[in-house]
Amino acid sequence: MRVKDPSRTNSEKPKRSKRPNRPQDEDSSDDISGLTCQHVSQAVDVHHVKRAVAQSVWSICAECLKERRMSDGEPTAPSDIWLCLKCGSQGCSKNSEGQHSLKHFQTARAEPHCIVINLSTWIIWCYECDEELSTHCNKKVLAQIVDFLQKHGARAEPSSSKILRLREENSETSEILKGKNSGNGASIPVKGINNLGNTCFFNAVMQNLAQTHVLNELIYEMKEKGTKLKICHASDSQLDPLVVNLSSPGPLTSAMFLFLHSMREAGKGPLSPKVLFSQLCQKAPRFKGFQQQDSQELLHYLLDAIRIEETKRIQTAILKAFNNPTTKTADEETRRKVKAYGREGVKMNFIDRIFVGELTSTVMCEECENVLFFTVFPEVR
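Residues numbered from 1 in each chain as written. Predicted model: local features only at pLDDT ≥ 70, side-chain atom pairs only at ≥ 80, totals over all residues. Heavy atoms only, no water.

Q: What am I meant to see in the overall build of the protein chain here?
A: From N to C terminus, the protein chain includes 14 helices and nine strands. By residue count, 38% of the 381 residues in the protein chain fall in the buried class. The long-range share in the protein chain, meaning contacts at least 24 apart out of those at least 6 apart in sequence, stands at 65%. Carbon together with sulfur atoms contributes 49% to the accessible area of the protein chain, which is approximately 23100 Å² in total. (Helix = DSSP H or I, 4+ residues; strand = E, 2+ residues; numbered from the N terminus. Buried < 20%, exposed > 50% of the residue type's maximum accessible area, 1.4 Å probe, protein only. Contact = heavy atoms within 4.5 Å. Areas by Shrake-Rupley, 256 points an atom, 1.4 Å probe, with all protein chains shown as cover.)

Q: Please clarify how the packing of aromatic side chains should be interpreted in this entry.
A: The geometry of an aromatic ring pair is captured by the separation of the ring centres together with the interplanar angle, meaning the angle of the planes. The full count for this structure, using the stated rule, is five aromatic pairs. For the pair Phe105 and Tyr127, a centre-to-centre distance of 4.9 Å together with 20° between the ring planes defines the contact as stacked. Residue Phe105 is found in helix 4 (residues 100–106), and its partner Tyr127 is found in the loop between strand 4 (124–126) and strand 5 (131–133); the two are separated by 22 residues along the sequence. An identical accessibility class is assigned to Phe105 and Tyr127; each is buried. Ring geometry for Phe322 versus Tyr341: centroids 6.1 Å apart, planes at 35°, classification tilted. Linking Phe322 in the loop between helix 12 (295–321) and helix 13 (332–346) with Tyr341 in helix 13, this pair joins segments that are 19 residues apart in sequence. Lys50 extends its terminal NZ or CZ atom over the ring of Phe148, reaching a point 5.2 Å from the ring centre. (Phe/Tyr/Trp six-rings, centres within 6.5 Å; stacked < 30°, edge-to-face > 60°. Lys NZ or Arg CZ within 6 Å of the ring centre and 35° of its normal.)

Q: Honestly, the environment of Asn245 in this entry has me stumped. Any pointers?
A: With respect to the helices, strands and loops of the structure, Asn245 is situated in strand 7 (residues 242–245). In this structure Asn245 comes out as partly exposed when scored by relative accessible area, which is 43%. Along the backbone, Asn245 and Ile318 are 73 residues apart, and their C-alpha atoms lie at a distance of 8.4 Å. If near-sequence neighbours (up to four positions away) are discounted, Asn245 is found in contact with Gly226, Thr227, Lys228 and Ala317. Here the side chain of Asn245 touches Lys228 through a polar contact of 3.0 Å, side chain to side chain. (Polar contact = N/O pair within 3.5 Å; in protein donor to acceptor, adjacent residues only side chain to side chain.)

Q: Would you take a moment to explain the packing of helix 12 against helix 13 for this structure?
A: Packed helix pairs are specified by the crossing angle of their axes together with the interaxial distance, meaning the distance between the axes. Contact geometry of helix 12 with helix 13 gives a least axis separation of 10 Å together with a crossing angle of 145°. Relative to helix 13, helix 12 is oriented so that their crossing is right-handed. Only Val338, Tyr341, Gly342, Gly345 and Val346 of helix 13 make contact with helix 12, whose side of the interface consists of Arg307, Thr311, Ile314, Gln315, Ile318 and Leu319. Each residue belonging to the contact of helix 12 with helix 13 can be placed in one class, and the counts come to six nonpolar, four polar and one charged. (Axes fitted to C-alpha atoms, helices over the stretch in contact; angles between N-to-C directions. Left-handed = near helix turned anticlockwise from the far one by under 90°. Nonpolar A, V, L, I, M, F, W, Y, C, P; charged D, E, K, R; others polar.)

Q: I would appreciate a short explanation of unusual backbone geometry in the present structure.
A: For residues that are not glycine, phi is negative in most cases, and the peptide bond is trans in most cases. One non-glycine residue, Asp130, lies in positive phi territory at about 60°. Residue classification places Asp130 among the buried positions, given a relative accessible area of 14%. Its identity is not glycine, yet Asn198 carries a phi of approximately 60°, on the positive side. One can find Asn198 in the loop between helix 7 (171–177) and helix 8 (200–210).

Q: How should I be thinking about the environment of Asn198 in this particular structure?
A: Judged by its relative accessible area of 39%, Asn198 falls in the partly exposed class. When neighbours within four sequence positions are excluded, Asn198 is seen to be in contact with Phe290, Gln291 and Gln292.

Q: Mind showing me how you'd approach the sheet that holds strand 2 (residues 90–92) here?
A: Strand pairing within a sheet occurs via backbone hydrogen bonds; the two strands may be parallel or antiparallel. Across the sheet, five strands lie side by side as 2-1-3-4-5; this open sheet has antiparallel pairing. Two strands close off the open sheet at either side, each with one partner strand: strand 2 and strand 5. The sheet shows a mean angle of 35° between the axes of neighbouring strands, taken without regard to direction. Judged from the three bridges that link them, strand 3 (residues 115–118) and strand 4 form a sheet pairing that is antiparallel. (Pairing = 2+ DSSP bridges.)

Q: What am I meant to see in the packing of helix 8 against helix 11 (residues 274–283) here?
A: Direction vectors running N to C along helix 8 and helix 11 enclose 110°, while the axes themselves pass 12 Å from each other. In terms of their interaxial angle, helix 8 and helix 11 are classed as roughly perpendicular. Seen from helix 8, the contacting residues are Phe201, Phe202 and Met206; seen from helix 11, they are Leu276, Phe277 and Leu280. (Parallel < 35°, antiparallel > 145°, perpendicular 65-115°, else oblique.)

Printed below as a string of structure tokens:
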């Protein structure tokens, strides 16, 4: 089927058949006269459009944003964006490279997604009729949805500010955060977890952690004995990067890895967290006794205990790289290097990389305008 380009409409009136004459009620939602589109009743859904618009970046092609498709470093021009009035999907026009609006319409579905609106000119187009629609000659729902979109567009945040971080982020980190580099390339299944006796608080935390893709990735990278860790000192250019060999993870970290690995494996039936819960109770005896506890408090103790194990693991590897010096045998230069690499190495444990942020406070003197930066690493929460 040949489809016209909706962005190139001419001034000629569209040739369309008039709606057959039929009695009109006073409460009818159709105008009494005029040309109509038979697809409006099925291809327009105000509720779905409002929900989709609230959750997406305004006037940006969703598929181009996923593919990082840019033109001269900028996203597709707002005048080229068409919004589906059935589901709220935003796609670029037929003139663009992606043609995602047209492809969205051509995708086979149970209900038609053929009516779109240009978010700059507010032209409404039906791909099935291959013609421009008028709000005056169709159901009032078109006028209502145009009014909503125009008001939303007037107060919407500029799209360029929202996608700025997408151009600045590291591509490798972005892949990990999206879970695309998972060990088997598949999504993590959802499994049930056995209740050991009033351990719902524990199970709730573990279900969330099991679906944290970046945690699965980093703990998988750090699980093996002999894993190499490269430590670079950003503030001291005189120190060369140091590669250390990590020992085996601590008992709680190993139990965590085995639990997450079991959650990823395909299989029926709930999973027992007994080994992991027992290891946690050894670190935090307050959770013994199978009493109801606070989930947030358990998460704090769990992450903090794993962080301590990983910190000791990294510090031990650094000392081993310098032949395990002591305060008596190490010279001043060796002590300086061990201390410098230790500060940087501790930050590289996977708990800090995921759950710990950096808080920076800036203080400036009003007289000399000298600026002091105070950086604080808050505890794991």
